[in-house]
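So the chains spell out like this:
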Amino acid sequence: MEKRRWVFMVGVVAVTYLLLQSLLLPYENALRSLLPDGEIPVRAKSSFLAVHSAAKSVMVRNPLTVNASELSNDSMVVEVVRTEGVGRAIENGGGLKGEDSDAENGFASDEKGLDNDFELFVDGNLNSGSPPYENVLHMNDNLALEIVRNEENSSVLDESGGVSLEQIVKPNNGVSVGKNPEENTSLKSENSKGVDTTIQSPPLALPMTASSITITHIENVVSNASSSALQREGMTLKNDSVLMNSTRKKEMRCNMPPKSITSLYEMNRILARHRRSMRPRQSSVRDQEIVAVKSHIEHAPVVINDAELYAPLFRNVSMFKKSYELMERTLKVYVYRDGSKPIFHQPILKGLYASEGWFMKLMEGNRRFVVKDPRKAHLFYMPFSSRMLEYTLYVRNSHNRTNLRQYLKDYSEKIAAKYPYWNRTGGADHFLVACHDWAPYETRHHMEHCIKALCNADVTAGFKIGRDVSLPETYVRAARHPLRDLGGKPPSQRHILAFYAGNMHGYLRPILLKYWKDKDPDMRILGPMPPGVASKMNYIQHMKSSKYCICPKGYEVNSPRVVEAIFYECVPVIISDNFVPPFFEVLDWGAFSLIVAEKDIPNLKDILLSIPKEKYLELQLGVRKLQKHFLWHAKPLKYDLFHMTLHSIWYNRVFQIKLR
């Protein structure tokens, strides 16, 4: 009886614990928290075997192993889940920086890696004559394959239906995933004039009225002390870097302030005067259609009080509306079928690389824009995943990404030789969508004339304003429910002036914490939050309760916190010199955000307090109106993130082309 009573009490405690976990902590696997670090609950729903390896290093070879001809009609979902203790390959001297635990804490990390959940679609056919996992990825012997339990207790299936295998392909301290500083990030954009970034909006973006704060007013708030403070921080970093050799300096550029700064005002000037016109070698009917469209857009009728569009968000709402309508009526896209999985045609739908994955999935499955005959196409889409390219080909600790760039170079040469369309325009009517930070390097030179939709939109790293598209970096926690926890508190219930929490990546975040961590109760500036779902919920509630959400750069200029702030209806404060904000060609970021120069961090609170209440309410209203343009939907909606991305690609192409 005593033993039964003891067993009963243990069972009651366990059930209560799991119940509380599932109610209060909806994003985590409750069972997982009961296990020691590094252990993962196993549930086999297929015949896969769990193979463990204690190898210290692994390299994934031959990405072409997964071939469409080897696969069956069955669809399966392969979910690669977080690996404990495996850092992403951020090259820092001779070692690797650990993965940003922000994603583990429940909020978006600027540094993406194996820790971050992501889901990908594989049209899979497993040959009966060989082990199943050999048809998924061909790796060397130092590979751990584990079958794991899906966090959502269900898998994201293709719309056509499929079989959930709920499995993982997980390297054991091997394949590293990460954000290596670009080897040539010091290349200065030809458009960069070295103008310091201040809080500026596009010309005529904010009317000079009593209810609006002017650029001059904000600039007067900022003292010269802020500039010298950041210079001292930069000098410290530069003095430290003297001890490094030339190779190490290249690797550490992400930890040093940029050599040149392009202000938002200068970016607007570049956009106005540098619409790069490309003459095709041979004009086609499609080119003539685009030229006709351009004329209609430039002479668009004035839009007044449109029910679907909030005019203050846009540079020119009339041109945007007309361009969008013409895109829906005119645009046709050919999606190349060339390229093998997992690098091509395999979208990641969860985690920090979700933007490129969701676009790939929705574009390839679209019937309105996609055509099977390339002769009818205005644009050509190259559907590769920059995340899977790095995951599949990069050799950990090699400090060498030339094989990744060579892989895409070979691909572009292949389609140029196979089809006549690339050579006709030099690739100017081709586009790619990539969210990994290495994408600018991987697509340099051989894809230089293509339209690049990039999350890493850095004007000093080759991003061309007026041709390339700044892609929003979205952190999707659940692929089946991408809109979970959408929204926030009304302005009257937002009692925190400013909020930030995250890891100390790059040179800027330590400066932010140096000036504001535990210095002011109104400035809730924190470092890394402790792991666990409680921290995840705490982070979300802070964003929902804050007036301003601080979005500092990490290793690169882009940050998922910008979209997170919009998601939770918090006014984003972007602190990232040389960052081109998403959809820069059509949106007026001065209407719903603040862009603060890195040198002004010491005066951050003064800047925020200098904004009148009426102006803040205008900004917060702008965020709420903007929100629908930054959301993914399983079935795309008008003006949503899929259509906004496609529109900016279309819009830039329209204003690029020029016939003889």
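Owing to the predicted nature of the structure, the values given are computational and were not obtained by experimental measurement.

## Quick word on the overall build of the protein
Stage number 1. When you go through the protein residue by residue, the secondary structure sums to 19 helices and 16 strands.
Stage number 2. Sorting the 660 residues of the protein into buried and exposed places 60% on the buried side.
Stage number 3. Within the protein, contacts between residues separated by at least 24 positions form 79% of all contacts whose residues are at least 6 apart in sequence.
Stage number 4. When the accessible surface of the protein is split by element, carbon and sulfur atoms take 53% of a total near 26300 Å².

## Things to note about the nonpolar core
Stage number 1. Counting residues in hydrophobic clusters, the biggest one holds 131 residues, and the most contacted among them are Val333, Phe359, Met382, Leu587 and Leu604.
Stage number 2. Sort the elements by how many residues they give to this core and helix α19 (residues 641–654) lands first, with eight residues.
Stage number 3. Among all residues touching Met382, those that are not within four sequence positions of it are Tyr336, Tyr411, Ile415, Trp422, His430, Phe431, Leu432, Met447 and Cys450.
Stage number 4. Listed in part, the twelve residues of the second largest apolar core include Tyr539, Cys549, Ala565 and Cys570.

## Looking at the sheet that holds strand β9 (residues 430–434)
Stage number 1. Spatial ordering of the open sheet is given by β7-β8-β9-β10-β11, a layout of five strands whose pairing is parallel. Two strands in the sheet have a free side with no partner beyond their single neighbour: β7 (333–335) and β11 (469–470).
Stage number 2. Sheet topology note: the strand β8 (residues 379–381)/β9 ladder contains two bridges and is parallel. Bridging from a neighbouring strand, Tyr381 pairs with Phe431 of β9.

## Describing a nonpolar patch on the surface
Stage number 1. A cluster of nonpolar residues, Trp6, Val7 and Val10, forms a patch on the protein surface that exposes about 330 Å² of accessible area.
Stage number 2. If you trace the backbone, Val7 turns up in helix α1 (residues 2–24).

## A look at the packing of aromatic side chains
Stage number 1. For the structure on display, the rule yields 26 aromatic pairs.
Stage number 2. When the ring of Tyr334 is compared with that of Tyr336, the centres are 5.5 Å apart and the planes differ by 85°; the resulting orientation is edge-to-face. Across this residue pair, the class does not change: Tyr334 and Tyr336 are buried.
Stage number 3. Ring geometry for Trp358 and Trp632: centres 6.2 Å apart, planes at 20°, overall stacked. Here Trp358 is found in helix α9 (residues 354–364), whereas its partner Trp632 is found in the loop between α18 (613–626) and α19, with 274 residues between them in sequence.
Stage number 4. By relative accessible area, Trp358 is classed as buried at 3%.

## Topic: the packing of helix α8 (residues 317–330) against α19
Stage number 1. Across the interface, α8 lies against α19 with an axial gap of 10 Å and an inter-helix angle of 95°. Classified by the angle between their axes, α8 and α19 sit roughly perpendicular to one another. Contacts between α8 and α19 pair Met319, Phe320, Ser323, Tyr324, Leu326, Met327 and Thr330 from the former with His643, Met644, Leu646, His647, Trp650 and Tyr651 from the latter.
Stage number 2. By residue class, the composition of the contact of α8 with α19 is nine nonpolar, four polar and no charged.

## Details of the sheet that holds strand β16 (residues 594–595)
Stage number 1. A sheet is described by the order of its strands in space; here five strands give the open sequence β13-β12-β14-β15-β16, paired in parallel fashion. Of all strands in the sheet, those with a lone pairing partner are β13 (523–525) and β16, marking the two edges.
Stage number 2. Sitting on the sheet, α18 is in contact with β14 (546–552), β15 (571–575) and β16, with an inclination near 95° to β15.

## A word on the pairing of β9
Stage number 1. Judged by how many residues are buried, β9 sits mostly within the fold: five of five residues are covered.
Stage number 2. Burial along β9 is two-sided: the face carrying His430, Leu432 and Ala434 and the face carrying Phe431 and Val433 are both buried.
Stage number 3. As paired elements, β9 and strand β10 (residues 451–454) share four bridges and run parallel to each other. Across the sheet, Val433 pairs through a bridge with Ala453, a residue of β10.

## Observations regarding the environment of Pro581
Stage number 1. Within the secondary structure layout, Pro581 lies in the loop between β15 and β16.
Stage number 2. Judged by relative accessible area, Pro581 falls into the buried class, the value being 1%.
Stage number 3. Through-space distance from the C-alpha of Pro581 to that of Pro472 is 8.1 Å; in sequence the pair is 109 residues apart.
Stage number 4. Not counting chain neighbours up to four residues away, the residues in contact with Pro581 comprise Leu264, Ser470, Trp589 and Ile595.

## Points about the side chain of Lys452
Stage number 1. Looking at the element boundaries, Lys452 is found in strand β10.
Stage number 2. When its relative accessible area of 4% is taken as the criterion, Lys452 is described as buried.
Stage number 3. Excluding its chain neighbours within four sequence positions, the residues that come into contact with Lys452 are Leu432, Thr443, Arg444, Met447, Arg467, Asp468 and Val469.

## Let's talk about the state of the cysteines
Stage number 1. Summed over all chains, the structure comprises two disulfides.
Stage number 2. Put simply, Cys435 and Cys455 are joined by a disulfide, and their sulfur atoms are 2.0 Å apart. Across the S-S bond linking Cys435 and Cys455, the dihedral sits near -90°, which makes this disulfide left-handed. You can see Cys435 sitting in the loop between β9 and α13 (439–442) and its partner Cys455 sitting in the loop between β10 and β11, a full 20 residues away along the chain.
Stage number 3. The buried category is assigned to Cys435, whose relative accessible area is 0%.
Stage number 4. For Cys549, the disulfide goes to Cys570, at an S-S distance of 2.2 Å. Sign of the S-S torsion, about 115° for the bond between Cys549 and Cys570, identifies this disulfide as right-handed. Within this pair, whereas Cys549 is found in strand β14, its partner Cys570 is found in the loop between α16 (561–567) and β15, the two being separated by 21 residues in sequence.
Stage number 5. Looking at Cys570, the relative accessible area reads 0%, which means it is buried.
Stage number 6. For the protein, the disulfide bridges join cysteines in the arrangement 1-2, 3-4, where the cysteines are counted in sequence order.

## With respect to the confidence of the model for the protein
Stage number 1. Chain-level pLDDT for the protein is 73 on average; 63% of the residues reach the 70-or-more range.
Stage number 2. This stretch, residues 109–230, has a pLDDT under 50; its non-local contacts, to residues over four places away or in other chains, come to 418 contacts.
Stage number 3. In the model, residues 232–251 has pLDDT below 50 throughout and makes 23 contacts with residues more than four positions away in sequence or in other chains.

## Quick word on the packing of helix α7 (residues 285–298) against α8
Stage number 1. Close contact between α7 and α8 brings their axes to 8 Å; oriented N to C, the two are set at 150°. One element, α7, and the other, α8, form an angle in the roughly antiparallel class. Viewed along their axes, α7 and α8 form a crossing whose handedness is right-handed. Along its contact with α7, which presents Val293, His296 and Ile297, the element α8 presents Met319, Lys322, Ser323, Leu326 and Thr330.
Stage number 2. Counted by class, the contact of α7 with α8 contains four nonpolar, three polar and one charged residues.

## Thoughts on α18
Stage number 1. Its 14 residues give α18 an end-to-end C-alpha distance of 20 Å, which sits within 8% of 20 Å, the value for a rise of 1.5 Å per residue.
Stage number 2. Taken residue by residue, α18 has Lys615, Tyr616, Leu619, Gln620, Gly622, Val623 and Leu626 as its buried positions. For α18, the arc enclosing every buried residue in end-on projection is 155°, short of the 170-degree limit, so these residues lie on one face.
Stage number 3. For α18, the elements touching its buried residues are β14, α16, β15 and β16.

Conventions and cut-offs
- Residues numbered from 1 in each chain as written.
- Predicted model: local features only at pLDDT ≥ 70, side-chain atom pairs only at ≥ 80, totals over all residues.
- Heavy atoms only, no water.
- Helix = DSSP H or I, 4+ residues; strand = E, 2+ residues; numbered from the N terminus.
- Buried < 20%, exposed > 50% of the residue type's maximum accessible area, 1.4 Å probe, protein only.
- Contact = heavy atoms within 4.5 Å.
- Areas by Shrake-Rupley, 256 points an atom, 1.4 Å probe, with all protein chains shown as cover.
- Core = buried A, V, L, I, M, F, W, Y, C linked by side-chain atoms within 4.5 Å.
- Pairing = 2+ DSSP bridges.
- Patch = residues over 30% accessible without salt bridge, like charges linked within 9 Å, V, L, I, M, F, W, Y side chains within 5 Å.
- Salt bridge = Lys/Arg side-chain N within 4 Å of Asp/Glu carboxyl O.
- Phe/Tyr/Trp six-rings, centres within 6.5 Å; stacked < 30°, edge-to-face > 60°.
- Axes fitted to C-alpha atoms, helices over the stretch in contact; angles between N-to-C directions.
- Parallel < 35°, antiparallel > 145°, perpendicular 65-115°, else oblique.
- Nonpolar A, V, L, I, M, F, W, Y, C, P; charged D, E, K, R; others polar.
- Disulfide = S-S within 2.5 Å.
- pLDDT = per-residue confidence, 0-100.
- Left-handed = near helix turned anticlockwise from the far one by under 90°.
- Expected span 1.5 Å × (residues − 1).
- Arc of directions from axis to C-beta.

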